[in-house]
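Overview (structure and organization)
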Amino acid sequence: MASTNFRPLHDRVVVKRVESEEKTKGGIIIPDTAKEKPAEGEIIAVGSGVRDDQGKLVPLDVKVGDRVLFGKWSGTEVKLDGVDLLIMKEADIMGVIG
């Protein structure tokens, strides 16, 4: 992703979904058409932050490389450099894993 020229603005982040499991714990193989899109991903890029009432820049709580959980319908799906990504606001992120 370092080769792209895309930089999110303000409180937006770029997230790459993590691949979901192809088998259940019981060993049943899940076909692509039945898989749900994972609500877990890795932060690829972050915006500079938002300005508070006094005009001071408040940086985001997440950083590049963080693994995060987000809502099922969060963000806008885009394809950059042939990679499927999500652009969402930091508020759409429920939490950081690990």
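Below is a short write-up of the structure. Predicted, not measured: the structure shown is a model, and the values here were computed from it. (Residues numbered from 1 in each chain as written. Predicted model: local features only at pLDDT ≥ 70, side-chain atom pairs only at ≥ 80, totals over all residues. Heavy atoms only, no water.)

Further remarks concern the nonpolar core. Core analysis: the largest hydrophobic core is formed by 10 residues, namely Val 13, Val 15, Ile 43, Leu 60, Val 62, Val 68, Phe 70, Leu 86, Met 88 and Ile 93. Mapped onto this core, the elements with two or more residues apiece are strand 1 (12–17), strand 5 (67–70) and strand 7 (83–89). Excluding anything up to four places from it in sequence, Ile 93 contacts Val 13, Ile 43, Val 62, Val 68, Leu 69, Phe 70 and Met 88. Among the nonpolar cores identified, the runner-up in size contains six residues, and Val 14, Ile 44, Ala 45 and Ile 87 belong to it. (Core = buried A, V, L, I, M, F, W, Y, C linked by side-chain atoms within 4.5 Å. Buried < 20%, exposed > 50% of the residue type's maximum accessible area, 1.4 Å probe, protein only. Helix = DSSP H or I, 4+ residues; strand = E, 2+ residues; numbered from the N terminus. Contact = heavy atoms within 4.5 Å.)

Moving on, we get to a nonpolar patch on the surface. Residues Leu 69, Met 94 and Ile 97 make up a contiguous nonpolar surface patch of about 280 Å² in total accessible area. You can call Leu 69 partly exposed: its relative accessible area is 36%. (Patch = residues over 30% accessible without salt bridge, like charges linked within 9 Å, V, L, I, M, F, W, Y side chains within 5 Å. Areas by Shrake-Rupley, 256 points an atom, 1.4 Å probe, with all protein chains shown as cover. Salt bridge = Lys/Arg side-chain N within 4 Å of Asp/Glu carboxyl O.)

Our focus in this paragraph is the pairing of strand 1. With four bridges joining them, strand 1 and strand 7 adopt antiparallel strand pairing. Pairing of Val 14 across the sheet is with Ile 87, part of strand 7. Both strand 1 and strand 2 (residues 40–46) contribute to a ladder of five bridges, which runs antiparallel. Note on strand 2: the bridge partner recorded for Val 13 is Val 46. (Pairing = 2+ DSSP bridges.)

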